[in-house]
Amino acid sequence: ASLPIANSTVKVSPKVASFSIGEKNISIKPDSTLRKISFQLSNDIKIYGMQGEITLPKGMSITKFDYTDRLPDNATIGSNTLENGKVRFLISDLDPEAFNGNLGELFSFKVKADKNLALLDSVKIDNVIVSDVDGNAYNVDGSASVNIKNTYLAEYIPVKAKFDTL
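Residues numbered from 1 in each chain as written. Predicted model: local features only at pLDDT ≥ 70, side-chain atom pairs only at ≥ 80, totals over all residues. Heavy atoms only, no water.

**Some details on the overall build of the protein**
- Across its full length, the protein holds 1 helix and 11 strands.
- In the protein, the succession of α and β elements from N to C terminus is β-β-β-β-β-β-β-β-β-β-β-α.
- What you see for the protein is a C-alpha radius of gyration of 21 Å, clearly larger than the 15 Å of a compact globule of 166 residues, by over 25%.
- On the principal axes, the C-alpha backbone points of the protein span a range of 90 × 50 × 30 Å.
- The proportion of buried residues among the 166 residues of the protein is 36%.
- The long-range share in the protein, meaning contacts at least 24 apart out of those at least 6 apart in sequence, stands at 74%.
- With an accessible surface of roughly 10200 Å², the protein has 50% of that area assigned to carbon and sulfur atoms. (Helix = DSSP H or I, 4+ residues; strand = E, 2+ residues; numbered from the N terminus. Rg over C-alpha atoms; globule rule 2.2 N^0.38 Å. Buried < 20%, exposed > 50% of the residue type's maximum accessible area, 1.4 Å probe, protein only. Contact = heavy atoms within 4.5 Å. Areas by Shrake-Rupley, 256 points an atom, 1.4 Å probe, with all protein chains shown as cover.)

Quick look at the structure:
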């Protein structure tokens, strides 16, 4: 017996990379102290460009991006704040050169907090897209986050309150 099978078209999007944040928890004081957040990338293809979005809590800002040796010498990291408050980053190179290696820290960024930072919050990275030498773009599924603790609110205020009752 033979059964007819209908023709169909399936769009396949290969998994070419995954990402994470190197830190799981960060404690920070709202006094312009800088803390590092590292972006880790595992890639299965040669990557020539990337973009993604960083969601920062209220009271936190990015001060600068730091490069690692995984990025080509001529690569640049640019960023801008979107209308929704997210920070979009873009890594590009005018002389197309692949990122070095396929595992580990690709870049990091420094954050600082001000008095508006909540006791507990998080920094999230998502909407990551990578591109190959031909300019083909691949969505990198998922998101990564790091927990943020405001040490001033968590430690200093409770201790001060105890002393104030003495």
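**A look at the pattern of salt bridges**
- In the structure shown here, the tally under the stated rule is 7 salt bridges.
- Lys 110 is the salt-bridge partner of Asp 66, the closest N and O atoms lying 2.6 Å from each other. Of this pair, Asp 66 sits in strand S5 (residues 60-67) while Lys 110 is found in strand S8 (residues 103-113), placing the two residues 44 residues apart along the sequence.
- With a relative accessible area of 21%, Lys 110 lands in the partly exposed category. (Salt bridge = Lys/Arg side-chain N within 4 Å of Asp/Glu carboxyl O.)

**Topic: the nonpolar core**
- Ranked by internal contacts, the top residues of the largest apolar core, which has 37 residues, are Phe 39, Met 50, Ile 91 and Phe 107.
- Per element, the largest residue contribution to this core is 5 residues, and it comes from S8.
- Excluding residues that lie within four positions of it along the chain, Ile 91 makes contacts with Gly 49, Met 50, Leu 71, Ala 75, Thr 76, Ile 77, Phe 99, Leu 106 and Phe 107. (Core = buried A, V, L, I, M, F, W, Y, C linked by side-chain atoms within 4.5 Å.)

**Side note on unusual backbone geometry**
- You will see that Ser 32, though not glycine, has its phi angle at about 75°, which is positive.
- Mapped onto the secondary structure, Ser 32 falls in the loop between strand S2 (25-28) and strand S3 (35-43).
- In this structure, Asn 127 takes a positive phi of about 55° despite not being glycine.
- Inspection of the secondary structure assignment puts Asn 127 in strand S9 (residues 120-131).

Shape is all these values report; function is a separate question.
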